[in-house]
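# Inside the fold
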Amino acid sequence: MRTPIVAGNWKMNKTIAEARELVNALKNDLAPLAATDQVEIVLCPPFVALPQVAELVKGTPIKVGAQNMHWEAKGAFTGEVSPTMLNEICDYVIIGHSERRQYFGETDEGVNKKIKAALAHHLKPIVCVGENLAQNEAGQTQQVVGAQVRGAFKDISRDDARGIVIAYEPIWAIGTGKAASGAGANSVIGLTIRGALADLYGEATAQAVRVQYGGSANAKNVTEFFAQPDIDGALVGGASLVAADFIAICKAALK
Ligand code: PGA
């Protein structure tokens, strides 16, 4: 049995004061949900608000994640944040989000380095994969997403692979209000993503890895995703900024 994981990716939103307000609006509802152990809940604020958010959820089962990191532990990398800085306050780190790939030139090779660095510093990676609209329309989804999974997991051991969360986020669904269908996402996750994992590690590991859906997931459509056998929760952008919506999504993951 895979425990669903719902993560809120706040992206470049929320000042420290606004982050405090949002966590205070979420905490009393989310802590008891997370305490059931039937859903894992992760808040991923921008770096600047991370320490504040970590402090506010301390002592609750709500977890905290970063949205990115560098692979080096320290050094002359102006503007970057390292795994050693994050593992004091974070449980998770999002790696290879499509916005990082699209706007900041991240490659499968860099994603692979970051995953290895995260694992070496006891951070759990949430690795994002997904095809863009042109690739989707050209029937290249399987090829693109399969290659991203193989690139991300290159030279990663079976034991480590089991602890990695994958987020399937079709780029055409992110922030567009046009979510994938539950069945469509389930099929990419089941056939392509678990298929690639099965080739690399065997069927048992492919079935053990948790794979979220992301892309315009909201309080209304999320039950359709959570009802799918291969989908283990959601990576939520826009709807994670609205307390009532994110609470509703986390509740839906329990059923
Ligand atoms: P969205 O973003 O829910 O706003 O579409 C999801 C994501 O990019 O993680």
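So, about the pairing of strand β7 (residues 210-214). Most of β7 is tucked away: five of the five residues are buried. Judged by which residues are buried, β7 turns out to be covered on both faces: Arg210, Gln212 and Gly214 on one side and Val211 and Tyr213 on the other are all buried. Across four bridges, strand β6 (residues 165-168) lies against β7 in parallel orientation. Looking at the pairing, valine 165 lines up with arginine 210 of β7. Summarising the sheet, β7 and strand β8 (residues 233-236) pair through two bridges and their orientation is parallel. When the bridges of β8 are listed, glycine 214 appears paired with leucine 235.

What follows concerns helix α7 (residues 141-152). Across its twelve residues, α7 extends 16 Å between first and last C-alpha, which sits within 8% of the 16 Å expected from 1.5 Å per residue. Of all the positions in α7, only Thr141, Val144, Val145, Gly146, Gln148, Val149, Gly151 and Ala152 are classed as buried. Looking at the buried side of α7, the elements it contacts are α4 (98-104), α5 (108-120), β5 (124-129), α6 (133-137), β6 and α9 (182-201).

Our focus in this paragraph is the packing of aromatic side chains. By the definition in use, this model includes two aromatic pairs. Note on tyrosine 213 and phenylalanine 225: the rings are 4.0 Å apart at their centroids and 5° apart in plane angle, and the pair reads as stacked. With tyrosine 213 in strand β7 and phenylalanine 225 in helix α11 (residues 222-226), this pair connects stretches of sequence that are twelve residues apart. For phenylalanine 225, a relative accessible area of 1% corresponds to the buried category. Its guanidinium or amino end placed over the ring of phenylalanine 104, arginine 100 lies 4.2 Å from that ring's centre, counting from NZ or CZ.

One pass over the structure, following the stated rule, counts eleven salt bridges. We note a salt bridge from glutamate 106 to arginine 100, for which the minimum N-O separation is 3.1 Å. Residues aspartate 230 and arginine 194 are paired through a salt bridge, measuring 2.9 Å at the closest nitrogen-oxygen approach. Residue aspartate 230 is found in the loop between α11 and β8, and its partner arginine 194 is found in helix α9; the two are separated by 36 residues along the sequence. Each of Arg2, Arg194, Asp230 and Asp232 takes part in a single network of salt bridges with overlapping partners.

The next point concerns the packing of α5 against α7. Interhelical geometry of α5 versus α7 gives an angle of 40° and a closest axis separation of 8 Å. Accordingly, the angle class assigned to the pair α5 and α7 is oblique. As α5 packs across α7, the resulting crossing turns out to be right-handed. Contact residues: α5 offers Asp108, Val111, Asn112 and Ile115, while α7 offers Ala147, Gln148, Gly151 and Ala152. Taken together, the residues of the contact of α5 with α7 sort by class into four nonpolar, three polar and one charged.

Here we come to the packing of α7 against α9. Relative to each other, α7 and α9 sit at 40°, their axes nearing to 9 Å. When the interaxial angle is binned, α7 and α9 end up oblique. The two elements α7 and α9 meet at a crossing, and its hand is right-handed. Contact with α7, carried on its side by Thr141, Gln142, Val145, Gly146, Val149 and Arg150, involves Val188, Thr192, Ile193, Ala196, Leu197 and Leu200 of α9 and no other residues of that element. Taken together, the residues of the contact of α7 with α9 break down into seven nonpolar, four polar and one charged.

Around the ligand, the structure places 13 residues, and the nearest of them are Lys11, His97, Glu169, Gly175 and Ser216. The side chain of asparagine 9 places a nitrogen or oxygen atom 3.4 Å from an oxygen atom of the ligand. Considering the ligand on its own, with 280 Å² of exposed area, one finds that the protein chains cover 95% of that surface. Counted by class, the shell around the ligand contains four nonpolar, seven polar and two charged residues.

Definitions and cut-offs
- Numbering of residues starts from 1 in every chain and runs along the sequence as written.
- In keeping with the predicted nature of the model, local features appear solely for residues at pLDDT of at least 70, side-chain atom pairs appear and are counted solely at 80 or more, and the whole-chain, interface and lining totals rest on all residues.
- In computing side-chain values, all of the structure's heavy atoms are included and hydrogens and water are not.
- Relative accessibility under 20% of the residue-type maximum defines a buried residue, over 50% an exposed one, and the middle range a partly exposed one, all with a 1.4 Å probe and only protein chains included.
- For helices the rule is a DSSP run of H or I covering at least 4 residues; for strands it is a run of E covering at least 2, with both sets numbered from the N terminus onward.
- Between any two strands, pairing holds if DSSP finds at least two bridges.
- To estimate the expected span of a helix, subtract one from its residue number and multiply by 1.5 Å.
- Every residue pair with non-hydrogen atoms within 4.5 Å of one another is taken to be in contact.
- Only Phe, Tyr and Trp rings take part, Trp by its six-membered ring, and two of them pair if their centres are within 6.5 Å. Stacked means planes under 30 degrees apart, edge-to-face means over 60, and tilted covers everything else.
- Whether a charge lies above a ring is judged from NZ of Lys or CZ of Arg, which has to be within 6 Å of the ring centre and within 35 degrees of the ring normal.
- Criterion for a salt bridge: a side-chain nitrogen of Lys or Arg within 4 Å of a carboxyl oxygen of Asp or Glu.
- Interaxial angles span 0 to 180 degrees and are taken between N-to-C directions of axes, which are lines fitted to C-alpha atoms, for helices over the stretch in contact.
- Here the word oblique covers every angle except those under 35 degrees (roughly parallel), over 145 (roughly antiparallel) and from 65 to 115 (roughly perpendicular).
- Helix crossings fall into two classes, left-handed where the near helix is turned counterclockwise from the far one by less than a right angle and right-handed where it is turned clockwise.
- Three classes are used: nonpolar for Ala, Val, Leu, Ile, Met, Phe, Trp, Tyr, Cys and Pro, charged for Asp, Glu, Lys and Arg, and polar for all others, with Gly counted as polar.
- The nearness test applies per residue and asks whether one of its heavy atoms lies within 4 Å of the molecule or strand.
- Whenever a nitrogen or oxygen atom comes within 3.5 Å of another N or O atom, the pair is scored as a polar contact, on the condition that within protein one atom can donate a hydrogen and the other can accept it, and that pairs from neighbouring residues in sequence are kept only if both atoms are in side chains.
- Note on areas: Shrake-Rupley, 1.4 Å probe, and residue coverage restricted to the protein chains presented here.

Take it as geometry only, folks, not as evidence of what the structure does.
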